[in-house]
Amino acid sequence: MITEFAITWFLSIAPLSFSPGPANVLFAASGSTFGVKASLPFWIGTNLICLIQTAIVGLGLATVITESSGVQIIFKYTGVLVLLYLALRFFQSKIKGRQVLKPLTFKEGVMVELVNAKFLLIPTMMFSLFYNPSQNSYWCIFGLTTALTVITMIANFVWIIGGKAAISAIENDRFTKYQGLFFGAVLILTAFWLAVR
């Protein structure tokens, strides 16, 4: 049961965490231009906000879901629809390169993550799909928040380290098309799996 849950969670969250988005493209640009060390303040700032936002979303959704059993079903299928929408976006993905002129700071990392709409969708979708009010709710929120924070930190760091190669790849329309097809297909399969469970 735990293995099935972990696999389903990973297949839902990994494509969103590792895919090009505002923060990941900035990580890649910073990593390719300034290296890992100079990119760390930005990485710490974004991931601190990731942790805080995820916990806030989890605590808020936990309260709503616990108060009404019907709300859990609505959130579950809303999460499935968000997965399908994001899969469609992956199928249509095109990324434009960005140029970074100076290393991004901790403060800029905080600001970028506060307005990163792509990231705000991830914990909302995650909690709507995977929060189980019948379990110890605070431990469930803590576990999901920790897991999302860890995978986000890893994904961001991969973008920093692979910055130069990633920027070249995501600016290649052919690569972007295949990546979009792959991530889109994974999200559709995961959405279907979650809908029928």
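Residues numbered from 1 in each chain as written. Predicted model: local features only at pLDDT ≥ 70, side-chain atom pairs only at ≥ 80, totals over all residues. Heavy atoms only, no water.

Asks: Looking at this structure, I do not really get the overall build of the protein chain. What am I missing?
Replies: Counting secondary structure elements, the protein chain contains 8 helices and 0 strands. Of all 197 residues assigned to the protein chain, the portion counted as buried reaches 44%. Within the protein chain, contacts between residues at least 6 apart in sequence are counted, and of these 86% link residues at least 24 apart. With the model as given, the accessible surface of the protein chain reaches about 10,400 Å², and the carbon-plus-sulfur share is 72%. (Helix = DSSP H or I, 4+ residues; strand = E, 2+ residues; numbered from the N terminus. Buried < 20%, exposed > 50% of the residue type's maximum accessible area, 1.4 Å probe, protein only. Contact = heavy atoms within 4.5 Å. Areas by Shrake-Rupley, 256 points an atom, 1.4 Å probe, with all protein chains shown as cover.)

Asks: Mind showing me how you'd approach the nonpolar core here?
Replies: A general feature of soluble globular proteins is that nonpolar side chains tend to end up buried together. Membership of the largest hydrophobic core comes to 21 residues, with the highest contact counts inside it found for Trp 9, Ile 13, Met 126, Phe 127, Leu 144 and Leu 148. Counting only elements with at least two residues in this core, the list comes to α1 (2-18), α2 (22-67), α5 (117-130) and α6 (137-161). For this core, the element with the most residues is α5, which contributes 7 residues. The residues contacting Trp 9, other than those within four sequence positions of it, are Met 126, Phe 130, Leu 144, Ala 147, Leu 148 and Ile 151. Listed in part, the 9 residues of the second largest apolar core include Ala 23, Leu 26, Phe 42 and Ile 160. (Core = buried A, V, L, I, M, F, W, Y, C linked by side-chain atoms within 4.5 Å.)

Asks: Explain the side chain of Glu 113 to me, please; I cannot follow it from the model alone.
Replies: Note on placement: Glu 113 falls in helix α4 (residues 106-114). Using a relative accessible area of 4% as the deciding quantity, one classes Glu 113 as buried. What Glu 113 contacts, discounting residues up to four positions off in sequence, is Ala 23, Thr 46, Ile 49, Cys 50, Gln 53 and Phe 119.

Asks: How do you make sense of α1 when you look at a structure like this?
Replies: An α-helical turn contains 3.6 residues, so any two residues separated by three or four positions project in the same direction. Its 17 residues give α1 an end-to-end C-alpha distance of 23 Å, which sits within 8% of 24 Å, the value for a rise of 1.5 Å per residue. At Ser 12, α1 shows its maximal kink, close to 25°; a proline, Pro 15, follows between one and four residues later. Along α1, the residues that are buried comprise Thr 8, Trp 9, Ser 12, Ile 13, Ala 14, Pro 15, Leu 16 and Ser 17. (Expected span 1.5 Å × (residues − 1). Bend = angle between axes of the 7 residues up to and from the residue.)

Asks: Please explain a nonpolar patch on the surface as it appears in this structure.
Replies: A contiguous nonpolar patch, built from Ile 44, Leu 48, Leu 51, Ile 52, Ile 56 and Phe 106 and spanning about 520 Å² of accessible area, is present on the exposed surface. The biggest single contributor to the nonpolar patch is α2, with 5 residues. Within the secondary structure, Leu 48 sits in helix α2. (Patch = residues over 30% accessible without salt bridge, like charges linked within 9 Å, V, L, I, M, F, W, Y side chains within 5 Å. Salt bridge = Lys/Arg side-chain N within 4 Å of Asp/Glu carboxyl O.)

Asks: It is not clear to me how α4 should be interpreted in this structure. Could you clarify?
Replies: By the burial criterion, the buried members of α4 are Gly 109, Val 110 and Glu 113. Taken end-on, α4 shows its buried residues confined to a sector of 100°, consistent with a single buried face. (Arc of directions from axis to C-beta.)

Asks: Looking at this structure, how should I read the environment of Gly 45?
Replies: In this structure, Gly 45 sits in helix α2. Under the relative-accessibility criterion, Gly 45 is labelled buried at 0%. Here the alpha-carbon distance between Gly 45 and Phe 106, two residues 61 residues apart in the chain, equals 4.5 Å. Setting aside residues no more than four positions away along its own chain, Gly 45 makes contact with Phe 106, Gly 109 and Val 110.

Asks: I would appreciate a short explanation of the packing of α1 against α6 in the present structure.
Replies: For any two helices packed against each other, one specifies the inter-axial angle together with the distance between the axes. The interhelical angle for the contact between α1 and α6, taken along N-to-C directions, is 40°, at an axis separation of 10 Å. The angle between α1 and α6 places the two elements in the oblique class. Crossing angle aside, the handedness with which α1 passes α6 is right-handed. Residues Phe 5, Trp 9, Phe 10, Ile 13, Ala 14, Ser 17 and Phe 18 of α1 form the contact with α6, whose own contacting residues are Leu 144, Ala 147, Leu 148, Ile 151, Thr 152, Ile 154, Ala 155, Val 158 and Trp 159. (Axes fitted to C-alpha atoms, helices over the stretch in contact; angles between N-to-C directions. Parallel < 35°, antiparallel > 145°, perpendicular 65-115°, else oblique. Left-handed = near helix turned anticlockwise from the far one by under 90°.)

Asks: Sorry if this is basic, but what is going on with the confidence of the model for the protein chain here?
Replies: Regions with low pLDDT should not have their predicted coordinates read in detail. This prediction gives the protein chain a mean pLDDT of 79; 79% of its residues lie at or above 70. α6 holds the highest mean pLDDT among the elements of the protein chain, 92, whereas helix α7 (residues 163-170) holds the lowest, 66. Within the model, the stretch residues 95-100 combines pLDDT values under 50 with 13 contacts to residues more than four positions away or in other chains. (pLDDT = per-residue confidence, 0-100.)

Asks: Teacher, can you tell me more about the side chain of Ser 19 here?
Replies: Looking at where Ser 19 falls in the secondary structure, it is placed in the loop between α1 and α2. What makes Ser 19 buried here is its relative accessible area of 1%. Only 3.2 Å separates the side chain of Ser 19 from the backbone oxygen of Leu 16, close enough to count as a polar contact. (Polar contact = N/O pair within 3.5 Å; in protein donor to acceptor, adjacent residues only side chain to side chain.)

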